[in-house]
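Structural overview
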Amino acid sequence: MYIGRPGSALLWLEEATWLSLKPKAGDNVVTRPEESLDHEFNPWLHVSSLIEKAGHLLGLNEGMIKRIITPERSLEVAVPVRMDSGDVEMFTGWRIQHDTSRGPGKGGIRFHPSVNADEIAALSADMSIKCAVVNIPYGGAKGGVRVDPTALSRQELERLTRRYAFSIAPVIGPDRDIPAPDINTDTQVMSWIMDTVSMLRGHNTPGVVTGKPLSIGGTTGHAGATSLGVTICISAILQRLGRLENEQHVVIQGYGKVGAPLVKLLSDRGMKVVGIADVRGAIHVPAGINHITLAEHYAEAGTVVGYPGSDNVPSDMLFTIKSDIAIPAALGGVITAEIAETMEASVMVEAANGPTTGEGAEVLASRNIPVVPDVLANAGGVVASYFEWAQDLQGFMWESELFQQRLEKTMHESFDHIWTRHNQLDVTMRETAIAVGVERIAEATEIRGLFP
Ligand code: GLU
């Protein structure tokens, strides 16, 4: 379903005129750029089939399942940007609100050349499930612009961000939908969005985005919160499996906002990080990587490749390195059946969003490799966002100890709940987490009823 030219005359119109989606369960009907149809792995079809399966497991009726799968609102915007050369270039952006039955939409904004409507729709549904899994009062949303931000100057990036923020401003807000950082977006990008919306509204609106700098309503602990949550999940699964932390060898795909802090956090717990990949390549250090010297090397070289004492490994061979724990912490759709078949690790913890394809998940299950799914493992980021938003709404900032204590408590309790239900339901941890999320969304949807 494709309604209207992207970005045409949509600004500041009444909500009823915004694009709305009414797909059938499992249908690929979200606004879709042609190229997404060429992809073998369609993240939207994958996520919607997982939700459908969870609905059947829970015994929900078909109407409820369709209602939960269907994104509530999808907005596609044209983002014209004046480049430094004086020329104007056109980009396309999206903000998709999947479900708001439990609270305002919540989810990051990514800038990446591969962004498309199906991907954003899938990630928005993941956010609905994730927020429900950790039981915070949010629905799910996601946004993105199809752009290679590394090819833009800082000024071009600011103009792109502000124009995109202006275009989605009518549907975001502290009580409607709250964006946050995701791939290739950071505290600076959040600051520009917050400023653009505050200028439009005519008053300071810190609660419109999370992941802001401390000086404008951010919170201590947001940076690194995803990695801390991943670490808590790793410790928890090791404990359940009766394995010792200081005997674990880990490989991490990604050395960015989530991957880099993980090297320190896991090393601090006695684990050895023996392999890391970034966009430029992968390295193998059988004796274990030192997080301080790696950070120094990265600061100079801009890549993990060339780290002193490391062997170069082809990027697609990272997960064949002898290891105990595999952590995808970069892009989605990377753990395919082929990668899963040759994976050396005996546990996988998903720090990235949607890293595993359906076939990849089947292979891992058939090999009895437990997977702590993204909607639980990487939820530390959105829990931190919830705490930041709560502080902004109250205008009262917490001490860092309180933040840390509440984050750890939420992650521990969420893991415990999923583990207990996993044993009761006798399905994978991913299927369990999705079922728990869907169950909570269904409860809110049911109790609220159907308008009108
Ligand atoms: N981008 C992060 C995620 O995918 C954080 C989202 C948020 O804090 O809203 O979970």
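Each remark here, short or long, concerns the structure printed above.
This one's a predicted model, so the numbers in the text were calculated from it and none came from an experiment. (Residues numbered from 1 in each chain as written. Predicted model: local features only at pLDDT ≥ 70, side-chain atom pairs only at ≥ 80, totals over all residues. Heavy atoms only, no water.)

**So, the sheet that holds strand E5 (residues 177–181)**
Read across the open sheet, the five strands follow the order E1-E2-E4-E3-E5; overall the sheet is mixed. Of all strands in the sheet, those with a lone pairing partner are strand E1 (73–82) and E5, marking the two edges. Within this sheet the neighbouring strands show an average axis-to-axis angle of 20°, counted without direction. Those strands touched by helix H3 (residues 117–133) are strand E2 (88–99), strand E3 (105–112) and strand E4 (140–146), and its axis lies near 150° from that of E4. (Pairing = 2+ DSSP bridges. Helix = DSSP H or I, 4+ residues; strand = E, 2+ residues; numbered from the N terminus. Axes fitted to C-alpha atoms, helices over the stretch in contact; angles between N-to-C directions. Contact = heavy atoms within 4.5 Å.)

**Considering the site of the ligand**
The environment of the ligand is formed by 13 residues, the closest being Lys106, Lys130, Asp182, Asn353 and Ser385. One of the side-chain nitrogen or oxygen atoms of Lys142 is found 3.2 Å away from an oxygen atom of the ligand. At 2.9 Å, a backbone N or O of Pro181 approaches a nitrogen atom of the ligand. Surface burial for the ligand is 93%, taken as the share of its 300 Å² of free accessible area covered by protein chains. (Near = heavy atom within 4 Å. Polar contact = N/O pair within 3.5 Å; in protein donor to acceptor, adjacent residues only side chain to side chain. Areas by Shrake-Rupley, 256 points an atom, 1.4 Å probe, with all protein chains shown as cover.)

**Section: the environment of Ile193**
Relative to the assigned elements, Ile193 resides in helix H5 (residues 187–201). Residue classification places Ile193 among the buried residues on the basis of a relative accessible area of 1%. Residues Ile193 and Ala165 lie 28 residues apart in sequence; the distance between their C-alpha atoms is 5.5 Å. With residues near it in sequence (within four places) discarded, Ile193 still touches Ile109, Thr161, Ala165, Ile172 and Val209. (Buried < 20%, exposed > 50% of the residue type's maximum accessible area, 1.4 Å probe, protein only.)

**Observations regarding unusual backbone geometry**
Cis geometry marks the peptide bond from Phe451 to Pro452, where omega comes out at 0°. Positive phi, close to 65°, is recorded for Asn184, a residue that is not glycine. Among the structural elements, Asn184 can be located in the loop between E5 and H5. For Asp426, which is not a glycine, the phi torsion comes out positive at approximately 60°. Position of Asp426 among the secondary structure elements: in the loop between helix H13 (400–425) and helix H14 (429–448). The exposed category is assigned to Asp426, whose relative accessible area is 69%.

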